[in-house]
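Per-entry structural report
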Amino acid sequence: MDRRQFLFALAATVPALTLGGKVFAAPASSPRFLLVFLRGGYDANNLLVPYSSDFYYESRPSIALAKPTAGDPKSVRALDANWALAPAVAQTMGPLWDKKQLAFIPFAGTDDLSRSHFETQDNIESGEGSDARNYASGFMGRLSGVLRGVPPIAFTDALPLSFRGTGDVPNVSLKGAGKAVFDDRQSKILASMYEGTSLQAAATDGLQLRQQVAQDLQTEMVAASRGAVNARGFAQQGQRMATLMKDKFRLGFVDVGGWDTHVNQGGADGQLANNLDNLSQGLAAFADGLGDAEWNNTVVVVVSEFGRTFRENGNKGTDHGHGTTYWVLGGKVNGGHIAGSQVAVNAGSLLQNRDYPVLNNYRDVLGGLMKRMYGLSDADVGTVFPAAKPRDLQLV
Amino acid sequence: MRSFLSACLATLLCLPAAAMAADKPLSQEDVAWLDRVTFGADSATVASYRDLGRRRFLQAQLHPKGDGLPQPIATQIAGFDVMKTPADTLLAQVRDQYRDIKDMPDGDAKQEARKALQKQGNQYAQQAQAAELLRAVYDENQLREQMVWFWLNHFSVFQNKGRVRWLVADYAQNTIRPHALGKFRDLVMATLKSPAMLEYLDNAQNARDKINENYARELMELHTLGVNSGYSQADVQSLARVLTGVGVNFDGQPRKLRPDMRQYYVQEGVFEFNPNRHDFSDQVLLGKTIKGGGFDEVEKAVDLIVSQPACATFVSTKLAKYFVSDNPPPSLIAAMAKTFRRSDGDIAEVMDTMLTSKEFIASLGKRYKDPTQFLVSTMRLAYDGKPVENPRPLVNWINQLGQAPFGRITPDGWPTVDSEWSSSGQIAKRFEIARAIGSGANHLFDLDEAGTRSIGGFPQLTTPTYYATIEPTLGPKTRNALSQATSQQEWNTFLLSSPEFNYR
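These numbers were taken from a predicted model, which means no experiment stands behind them. (Residues numbered from 1 in each chain as written. Chains lettered and ligands numbered in written order. Predicted model: local features only at pLDDT ≥ 70, side-chain atom pairs only at ≥ 80, totals over all residues. Heavy atoms only, no water.)

1. Let's talk about the overall build of chain A
Test applied: Only DSSP runs of H or I with at least four residues qualify as helices, and only runs of E with at least two residues qualify as strands; both kinds are numbered from the N terminus onward. It only takes one pair of heavy atoms within 4.5 Å for two residues to be counted as in contact. Per-residue accessibility takes into account occlusion by the displayed protein chains alone, with areas from the Shrake-Rupley method and a 1.4 Å probe.
Scanning chain A from terminus to terminus reveals eleven helices and twelve strands. Long-range contacts, defined here as pairs at least 24 residues apart, represent 73% of the contacts in chain A between residues at least 6 apart. Split by element, the accessible area of chain A, about 14,200 Å² in all, is 50% carbon and sulfur.

In structure tokens form, the structure reads like this:
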């Protein structure tokens, strides 16, 4: 589809926001982008299931998900002849797939082969080639730098590596946000102590953002109390992210932990299914919270540092693997299909007889996606993902 | 004499002058040094430093003799439920409760019993968190307490996994603290045998033909060698096989062992090495063959790993990153690693090398305090040894600041880079905690559970220690901010929020 069709959101009157001394009147037409990072290496093989592969069922005697069976809510939901969706997300993500607002990219990831969570997460967030090991800045931060006027925010306790490096990016955890405790006079005095220090912008923004968020969430909570918003875990965060990203922020990051399932990860039920359910409810709540018009101008990408071993281990869990599956969601996403390069799933196609190979490098794929979303020049893409070879999977 | 003293105590104002006149004033470097070697100066530390001088003060800190807790705090910690019961008794109780719950018919009562058990576990974990914070604030062995924090973070476990919540108090007190300034190898072996670690990183599940490589990987990557130090995926799998059978005897039952296997069985408290679950085949690890055997294999593997030059460098680098700077000078790391190798991994000696180096002195005053350092130093300044009645606010605050002990979900521990703690959201939160402490709007001095009887009030920060340590360092912007305070509470809040107080 044409990029200009994508950029069609209605102009809204939104109060200007001052952060880091810059005034942001949120540009009403620029697309929103939310990156969701699943930390711990989620088991993509039990989310996007290669149900036509006998090898899948041989490799996972106790944790494989049942083939599609009419009337069995614990069986997978077929998406095409080869791939199916885990039952844990079928209710929340199935409708988005049907509306072609959701696509999956299997065999995705990085060329970092350490199989270390921390090394690979840092590698991905930095957005540089695997040999670079330059963790001074992250690709979201550099994207924010080239976009200008697309206010960024991280919904995290700490500022993630993804957003480091290009100026000040505010962060706020949505797990428990209450009233702001300082009035304007106190905020000004507190900030004044940091004038001229390297923490000047962070101190000023932090105080202001706390007040803003407290106000917005107060309004949201009043508005939400008449509906039945599921307040559990990430679902509540999804709702709150929508509240904040609807008007003020358009480039977001959030992470969700707890995916390192070495033991008893479960099948249709159990810890992985619970995590997937929680995640997908948050994503659905985010889409709902934005409303159709704004969802049409939004792209969400879900990534993780790596996938897991294709075979289950001795403890009905899985160990660290390599290739994983990314999700791409949004109102105008060209979804409803499995995207990117693929290979038949069998013993011969595994990397090191262990896990999925990476056929879709995240730098190339995300670089191509961002180029299309924002109309970035090659030079800009090169800034965000140095020396990447952007691949256009035509997902927007 | 007596009347002079009481007159002085009655008017706080004469104390700073008297103290300063009686003692040699501290230099800016002394103050900065003390702020780094301890969690933050209080009057007892300053007095001890004046008395002993830097060299003897440091030696006393590197080689602490027993507990340095004031009696009321020692009594308070000893009174926690989790401290009254040894870990194996506690686990036996939990095991029985699990079994009883399993035997209950499905329904509300079963749900309630399950919830009650989890609630008890969470309370025990909170008591463990409170104990660590109280020790950090009050124990005179300040360097050891920082080392305990450091090693708890280096060998991080997450309380919300499995039975770990019942085990963290024991883990801190009996696994980490005794070895915090001892030999690194002993520390690795202690964590390797600790039920908290075995449960958290799944080695309790690792058995012959049921290999789980989680702990083996993190033992090399996070605990000893560091990623990209030369070990391979094959080494991870070999080490995982060496570690088969290393687990916990949670059910308390004696193992049924073939006669030829009995010699291999090892049990120490809850820890066990179960030869029935062990892979006895030879393994090649880091280029060396580990002959098939019993727990001996594990000892040999750990000896091999900790004697790698990469281990000395990795551990030294991590220590320097915590105590010196985000990017410690290579010369310093080389000197520390040399000491590590020469002294067979003696942590106190490595620390001595670091703390007496010119690189350490050059780094003073430039580190942004992490949340624990901020919270503990705030308490040490604000209450100066006065024992709190209720430690729960401390636990709440460290949770809000995002650095709870035993609260890191991943085994890499909390980051130590300055920028990880100085984002906008974190700074604002820190100001709010400064207000809660500085204004006295907290429950630290509640005398009853309901908080209806309190002997609280806001702290007086203008103590002799303040005048000897902090006041001289304040810049014009902070002085200007303090002059705008409309109450003592607000003045406290601004001081505790100031850049000068937040760097060390």
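2. A short note on the sheet that holds strand β12 (residues 360–361) of chain A
Residue and element names in this part refer to chain A. Definition in use: Pairing between two strands is assigned when DSSP locates at least 2 bridges connecting them. Each axis is a line fitted through C-alpha atoms, taken for helices only over the stretch in contact, and angles between the N-to-C directions span 0 to 180 degrees.
Pairing in this open sheet of seven strands is mixed, and the strands run β8-β9-β3-β10-β11-β7-β12 from one edge to the other. Edge positions in the open sheet fall to β8 (152–154) and β12, since each of these has one partner strand only. Where strand β10 (residues 298–304) meets strand β11 (residues 324–329), three bridges bridge the pair, whose relative direction is antiparallel. Looking at β11, one finds that Val 300 is bridged to Leu 329. The sheet contacts of helix α3 (residues 87–98) involve β7 (102–109) and β11, and relative to β7 the element is tilted by about 110°. Against the sheet, helix α8 (residues 233–247) makes contact with β3 (32–38) and β9 (251–256), and its axis sits at roughly 170° relative to β9, the strand it touches most.

3. Brief notes about the nonpolar core
Note the following rule: By nonpolar core is meant a set of buried Ala, Val, Leu, Ile, Met, Phe, Trp, Tyr and Cys residues that side-chain atoms within 4.5 Å join together. For every residue, the accessible area obtained with a 1.4 Å probe (protein chains only) is divided by the maximum for its type, and the residue is called buried under 20%, exposed over 50%, and partly exposed between those limits.
Core analysis: the biggest nonpolar cluster contains 161 residues, and Trp 151, Phe 184, Leu 192, Leu 239 and Met 351 of chain B have the highest contact counts within it. With eleven residues, helix α8 (residues 108–138) of chain B is the single largest residue contributor to this core. Beyond its immediate stretch of four places on either side in the chain, Leu 239 of chain B contacts Ala 216, Leu 219, Met 220, Leu 285, Ala 301 and Ile 305 of chain B. Among the nonpolar cores identified, the runner-up in size contains 61 residues, and Phe 107, Ala 273, Val 300 and Leu 350 of chain A belong to it.

4. Details of unusual backbone geometry
A positive phi angle, close to 50°, is found at Gln 352 of chain A, a residue other than glycine. Unlike most non-glycine residues, Asp 384 of chain B shows phi in positive territory, near 45°. Summarising the element assignment, Asp 384 of chain B is placed in the loop between α21 (371–383) and α22 (392–400).

5. A look at the side chain of Asn 206 of chain B
All names here are of chain B. Stated precisely, the cut-off is as follows: Polar contact is the term for a pair of N or O atoms within 3.5 Å; when the atoms are in protein, one must be able to donate a hydrogen and the other to accept it, and sequence-neighboring residues count only if both atoms are side-chain atoms.
Checked against the element boundaries, Asn 206 lands in the loop between α12 (195–200) and α13 (214–224). Separated by 3.0 Å, the side chain of Asn 206 and the backbone nitrogen of Asn 212 make a polar contact. If we ignore the near neighbours within four places in the chain, the residues touching Asn 206 are Ile 211, Asn 212, Ala 240, Leu 243, Thr 244, Gly 245 and Arg 277.

6. Some details on the interface of chain B and chain A
Think of interface size as the accessible area that goes away when the parts come together; that is how it is often given. Definition in use: Two parts placed together each lose some accessible area under a 1.4 Å probe, and adding up what both lose gives the buried area. Within this document, salt bridges are pairs made up of a side-chain nitrogen of Lys or Arg and a carboxyl oxygen of Asp or Glu, the two lying within 4 Å of each other. Each residue is assigned to one of three groups, with Ala, Val, Leu, Ile, Met, Phe, Trp, Tyr, Cys and Pro labelled nonpolar, Asp, Glu, Lys and Arg labelled charged, and all others, Gly among them, labelled polar.
Across the contact, 46 residues belong to chain B and 43 residues belong to chain A. Summed over both sides, the interface between chain B and chain A buries roughly 3,800 Å², with carbon and sulfur atoms accounting for 57% of that surface. Among the residues chain B hides against chain A, the three largest losses belong to Ser 424, Phe 431 and Lys 477 of chain B. Together they make up 15% of the total. Among the salt bridges present, the one from Glu 213 of chain B reaches Arg 354 of chain A, with a minimum N-O distance of 2.6 Å. For the pair chain B and chain A, the interface holds 18 residue pairs in polar contact (both at pLDDT 80 or more). Secondary-structure elements contributing two or more residues to the side of chain B that touches chain A are α13, α14 (233–242), α23 (424–438), α25 (476–483), α26 (488–497) and α27 (499–502) of chain B. Among the elements that take part in the side of chain B that touches chain A, α23 of chain B stands out by supplying nine residues, more than any other. Among the residues forming the side of chain B that touches chain A, the class breakdown is 13 nonpolar, 20 polar and 13 charged.

7. Description of the sheet that holds strand β2 (residues 266–268) of chain B
Residue and element names in this part refer to chain B. If you trace the three strands from one edge of the open sheet to the other, you get β1-β3-β2, paired in antiparallel fashion. Edge strands, defined here as strands with exactly one partner in the open sheet, are β1 (246–248) and β2. Going from strand to strand, the sheet's axes swing by 25° on average, the running direction of each strand aside. The pairing of β2 with strand β3 (residues 271–273) spans three bridges and is antiparallel. Pairing of Glu 268 across the sheet is with Phe 271, part of β3.

8. Here we look at the pattern of salt bridges
Residue and element names in this part refer to chain B. Scanning the entire structure with this criterion turns up 51 salt bridges over all chains. Taking the shortest distance from any N to any O, the salt bridge between Asp 42 and Arg 380 comes out at 3.4 Å. With Asp 42 in the loop between α3 (28–37) and α4 (43–62) and Arg 380 in helix α21, this pair connects stretches of sequence that are 338 residues apart. Residue Asp 42 is classed as buried on the basis of its relative accessible area, which comes to 8%. Where Arg 479 meets Glu 471, a salt bridge forms, and the shortest distance between an N and an O atom there is 3.0 Å. By relative accessible area, which is 36% here, Arg 479 ends up partly exposed. Assessed through its relative accessible area of 24%, Glu 471 is described here as partly exposed.

9. Considerations on the packing of aromatic side chains
Residue and element names in this part refer to chain A. Quick note on the threshold: Aromatic contacts are taken between Phe, Tyr and Trp rings whose centres are within 6.5 Å, Trp giving its six-membered ring; a plane angle under 30 degrees counts as stacked, one over 60 as edge-to-face, and the others as tilted.
Here the structure, examined in full by the defined rule, presents 34 aromatic pairs over all chains. Their ring planes at 70° and their centres at 5.7 Å tell us that Phe 104 and Trp 327 sit as a pair that is edge-to-face. One end of the pair, Phe 104, is in strand β7; the other, Trp 327, is in strand β11, with 223 residues separating them in the sequence. Side by side, Phe 104 and Trp 327 carry an identical accessibility label, which is buried.

10. Some details on the confidence of the model for chain B
Reading predicted coordinates in detail is not appropriate for stretches of low pLDDT. Put simply, the test is: The score called pLDDT rates the predictor's confidence residue by residue, from a low of 0 to a high of 100.
Taken over all residues, the pLDDT of chain B has a mean of 93, while the share at 70 or more is 95%. Interface scoring of the predicted complex returns ipTM 0.90; its pTM is 0.90.

11. Section: the packing of α8 of chain B against helix α9 (residues 142–154) of chain B
Residue and element names in this part refer to chain B. This is how the line gets drawn: If you view the pair so one helix is near and one far, a crossing is left-handed when the near helix is turned anticlockwise from the far one by less than a right angle, and right-handed when it is turned clockwise.
The N-to-C vectors of α8 and α9 enclose an angle of 145°; their axes lie 8 Å apart at closest approach. Of the two possible hands of crossing, α8 and α9 adopt the one that is left-handed. Residue-level contacts link Glu 132, Arg 135, Ala 136 and Val 137 of α8 to Gln 142, Glu 145, Val 148 and Leu 152 of α9. Split into classes, the residues belonging to the contact of α8 with α9 amount to four nonpolar, one polar and three charged.

12. Notes on α25 of chain B
What counts here: Picture the helix axis, draw a direction to every C-beta atom, and the arc is the one those directions span.
Of all the positions in α25 of chain B, only Thr 478, Ala 481 and Leu 482 of chain B are classed as buried. On an axial view of α25 of chain B, the arc spanned by its buried residues comes to 100°, and they lie on one face. Exposed and facing more than 90 degrees away from the buried side of α25 of chain B are Pro 476 and Ser 483 of chain B. Turning to α25 of chain B, the residues buried within the fold contact α6 (184–192) of chain A together with α26 and α27 of chain B.

13. Things to note about the layout of surface pockets
Gaps between atoms show up when a probe of the same size as a water molecule is rolled over them. All names here are of chain B. To keep things clear, this is the line we draw: A 1.4 Å probe that fits into a set of points on a 1 Å grid over the protein atoms alone but cannot get out defines a cavity; an open set with protein on both sides within 12 Å along at least five of seven lines defines a pocket, and lining residues are those with an atom within 4 Å of a point. Grid points are joined across faces, edges and corners, and a volume is the space filled by probe spheres set on the points.
Approximately 510 Å³ is the volume found for the second largest pocket. Along its surface, the second largest pocket is lined by 16 residues, and Phe 80, Asn 390, Pro 391, Arg 392 and Glu 449 are the ones closest to its centre. When contributions to the lining of the second largest pocket are tallied by element, the ones reaching two or more residues are α8 and α22. Looking at the lining of the second largest pocket element by element, the count peaks at four residues for α8. A class-by-class count of the residues in the lining of the second largest pocket yields five nonpolar, six polar and five charged.

14. Observations concerning the packing of α4 of chain B against α9 of chain B
All names here are of chain B. Selection rule: Here is the rule for angles: anything less than 35 degrees is roughly parallel, anything more than 145 is roughly antiparallel, 65 through 115 is roughly perpendicular, and the remaining ranges are oblique.
As a packed pair, α4 and α9 sit with axes 7 Å apart at the nearest point and diverge in direction by 45°. In terms of their interaxial angle, α4 and α9 are classed as oblique. Residue-level inspection shows Leu 58, Gln 61 and Leu 62 of α4 in contact with α9, the latter providing Gln 142, Leu 143 and Arg 144. Grouping the amino acids of the contact of α4 with α9 by side-chain chemistry returns three nonpolar, two polar and one charged.

15. Comments concerning the pairing of β11 of chain A
Residues and elements named next belong to chain A. Most of β11 is tucked away, with six of its six residues classed as buried. Where burial is concerned, the two faces of β11 agree: the one with Thr 324, Tyr 326 and Val 328 and the one with Thr 325, Trp 327 and Leu 329 are both buried. By the bridge criterion, five bridges tie β7 to β11 in an arrangement that is antiparallel. Opposite Ala 108, over in β11, you have Thr 324 as the bridge partner.

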